[in-house]
Amino acid sequence: QVQLVESGGGLVQAGGSLRLSCAASGRTFSSYAMGWFRQAPGKEREFVAAINWSGGRIRYADSVKGRFTISRDNAKNTVNLQMTSLKPEDTAVYYCAAPVNGADLPVVGWRYWGQGTQVTVSS
């Protein structure tokens, strides 16, 4: 079974930075794409970023492009999200995600989720 555990959330001032990490277990981490999603109170969960198994293909939501960087360390079974120039609208619970299938960089099919880590950006 796939297990995902996020860490690194917290309270930061607008313009600041945070690095989120996700530790994966339960299957061969290096064989699968990984992603980050977020959900603000009262809103639907939205896509943030995704990275394929090798790290050679990456996709970002327009809202975070140029500010967030997704990366992975297959030797450590972790995927990271470096967030810079944070804005109050980035406030959300951030979730690490894994796909159910073997698509290289999925658009759909995200099925496994961590418990989430809270990111709060103050003005």
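A brief look at the structure comes next. (Residues numbered from 1 in each chain as written. Predicted model: local features only at pLDDT ≥ 70, side-chain atom pairs only at ≥ 80, totals over all residues. Heavy atoms only, no water.)

A count of helices and strands for the protein gives 0 helices and 11 strands. Secondary structure elements of the protein occur, N-terminal to C-terminal, as β-β-β-β-β-β-β-β-β-β-β. For the protein, the C-alpha radius of gyration of 13 Å lies close to 14 Å, the compact-globule estimate for 123 residues. Its C-alpha atoms give the protein principal-axis dimensions of roughly 40 × 25 × 25 Å. In the protein, the proportion of contacts linking residues at least 24 apart, taken out of those at least 6 apart, comes to 57%. Carbon and sulfur atoms make up 48% of the accessible area of the protein, which totals about 6,100 Å². Taking the average place of the 13 positive charges on the side chains of the protein and the average place of its 8 negative ones, the gap between the two points comes to 3 Å. (Helix = DSSP H or I, 4+ residues; strand = E, 2+ residues; numbered from the N terminus. Rg over C-alpha atoms; globule rule 2.2 N^0.38 Å. Contact = heavy atoms within 4.5 Å. Areas by Shrake-Rupley, 256 points an atom, 1.4 Å probe, with all protein chains shown as cover. Lys, Arg positive; Asp, Glu negative; His and termini not counted. Charge placed at Lys NZ, Arg CZ, Asp CG, Glu CD.)

Once that is clear, we can look at the packing of aromatic side chains. Summed over all chains, the structure comprises 3 aromatic pairs. Taking 5.7 Å as the distance between ring centres and 70° as the angle between the ring planes, the aromatic pair formed by Phe 37 and Trp 110 counts as edge-to-face. Within this pair, whereas Phe 37 is found in strand S4 (residues 34-39), its partner Trp 110 is found in strand S10 (residues 110-113), the two being separated by 73 residues in sequence. On the accessibility criterion, Trp 110 (6% relative accessible area) is buried. Residue Phe 37 is classed as buried on the basis of its relative accessible area, which comes to 9%. Counting every residue linked through ring pairs, the aromatic cluster contains Phe 37, Phe 47, Trp 110 and Trp 113. A cation over a ring is seen here: Arg 45 above Tyr 95, with NZ or CZ 3.9 Å from the ring centre. Sitting over the face of the ring of Trp 113, Arg 45 holds its NZ or CZ atom 4.5 Å from the ring centroid. (Phe/Tyr/Trp six-rings, centres within 6.5 Å; stacked < 30°, edge-to-face > 60°. Buried < 20%, exposed > 50% of the residue type's maximum accessible area, 1.4 Å probe, protein only. Lys NZ or Arg CZ within 6 Å of the ring centre and 35° of its normal.)

Here we take up the sheet that holds strand S7 (residues 68-73). As summarised here, the arrangement of the 4 strands in space is S1-S3-S8-S7, forming an open sheet in which the pairing is antiparallel. Only two strands of the sheet have a single partner each, and these edge strands are strand S1 (3-7) and S7. Pairwise comparison of adjacent strand axes, ignoring direction, gives a mean angle of 15° for this sheet. (Pairing = 2+ DSSP bridges. Axes fitted to C-alpha atoms, helices over the stretch in contact; angles between N-to-C directions.)

Time to look at unusual backbone geometry. Within the chain, Asn 77 stands out as a residue other than glycine whose phi angle is a positive 55°. With respect to the helices and strands, Asn 77 occurs in the loop between S7 and strand S8 (78-83). Here Asn 77 falls in the partly exposed class, since its relative accessible area comes to 29%. The backbone of Ser 85 sits at a positive phi, close to 50°, despite the residue not being glycine.

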